[in-house]
Amino acid sequence: RSKDSTLSKLINDELATPNTWEVRLSSGEDKKKVFTELMEENKLGALAFLRNLRNMSDANVSKTLISEYSKNLNVSRLLPFQFITAARVNPWAETFLEPMMLKCLEGKEKLKGKTLLMIDVSGSMGHELSSKGIMTRLDVAYGLGALCRELCEDVTIYTFSNHEKLIPSRRGFGLVDAIKNSQYNSGTYFSKSLNNIKTLESDTSFDRTIVLTDE
């Protein structure tokens, strides 16, 4: 009966227009007014919030309102690399994006034992995932690295390119910066790096090795 009613309204052009940012902006409404009202009415979802940070900044939406709104968003369905991409485009928002990213990882079951995490930072990792987006393979690797840091009981992190580099055990964007600035992005010498790490970590017995690479 409900489906019949909806179909009837569609046929008769009587369906109510949804109150979404896409609909309102496409109809020519003022950006600042739209995003301000949606946040004040708690109607802007977490993913839409991330994707529109630059739009809100360009429209001079109150940064205090944006920051306060971020605190109560449900981020459980988001992934770390989405926050990293948002922070790269909106460095002014890092102060609240990092707590959001760490919040999305809370309460997850941890991998027991010792984990060796190797992250590829070679030149090809800087390529964008698609021609229509700005997210790179490195963004995903940074995000997965941040995820592993939170979900592994005991983790040792190395980057590899022309050589291997031990990364300090930081969290959030601090870890991302450590990975990003660890070494020059050049070749991909995985086997050499793995063998060198085996020597460097000869006193440690790892339960697993996780490799993040585009190979």
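*Asks:* Quick one: what's the story with the overall build of the chain, residue by residue and with numbers?
*Replies:* Helix and strand counts for the chain stand at eleven helices and four strands. With the C-alpha coordinates aligned to their principal axes, the bounding extent of the chain is approximately 70 × 40 × 30 Å. For the chain, the proportion of its 215 residues judged to be buried stands at 40%. For the chain, the share of sequence-separated contacts (at least 6 apart) that also reach a separation of at least 24 residues comes to 70%. Split by element, the accessible area of the chain, about 12,400 Å² in all, is 49% carbon and sulfur. Separation of charge centres in the chain, based on 29 positive and 28 negative side chains, amounts to 1 Å.

*Asks:* Before we move on, could you go through helix α6 (residues 63-70) and cite the residues and values that matter?
*Replies:* For α6, every residue scored as buried is listed here: Ile66, Tyr69 and Ser70. Considered in projection along α6, the buried side chains sweep an arc of 100 degrees and stay on one side of the axis. In this structure, the buried side of α6 is in contact with α3 (31-40), α4 (46-51), α5 (53-58) and α8 (94-103). One side-chain oxygen at the N-terminal end of α6 lies 3.3 Å from the backbone nitrogen of Thr64; it belongs to Ser62.

*Asks:* Explain the pattern of salt bridges residue by residue, including any values.
*Replies:* Enumeration over the complete set of coordinates arrives at nine salt bridges. The partner of Glu29 in a salt bridge is Lys33, with the nearest N and O atoms 3.7 Å apart. The partly exposed category is assigned to Lys33, whose relative accessible area is 41%. Of the charged contacts, one joins Glu68 and Lys71 as a salt bridge, the two residues approaching to 2.9 Å between their closest N and O atoms. Bridged by salt links that share partners, the residues Glu29, Lys33 and Glu37 form one connected network.

The rules we used
- Residues numbered from 1 in each chain as written.
- Predicted model: local features only at pLDDT ≥ 70, side-chain atom pairs only at ≥ 80, totals over all residues.
- Heavy atoms only, no water.
- Helix = DSSP H or I, 4+ residues; strand = E, 2+ residues; numbered from the N terminus.
- Buried < 20%, exposed > 50% of the residue type's maximum accessible area, 1.4 Å probe, protein only.
- Contact = heavy atoms within 4.5 Å.
- Areas by Shrake-Rupley, 256 points an atom, 1.4 Å probe, with all protein chains shown as cover.
- Lys, Arg positive; Asp, Glu negative; His and termini not counted.
- Charge placed at Lys NZ, Arg CZ, Asp CG, Glu CD.
- Arc of directions from axis to C-beta.
- Polar contact = N/O pair within 3.5 Å; in protein donor to acceptor, adjacent residues only side chain to side chain.
- Salt bridge = Lys/Arg side-chain N within 4 Å of Asp/Glu carboxyl O.

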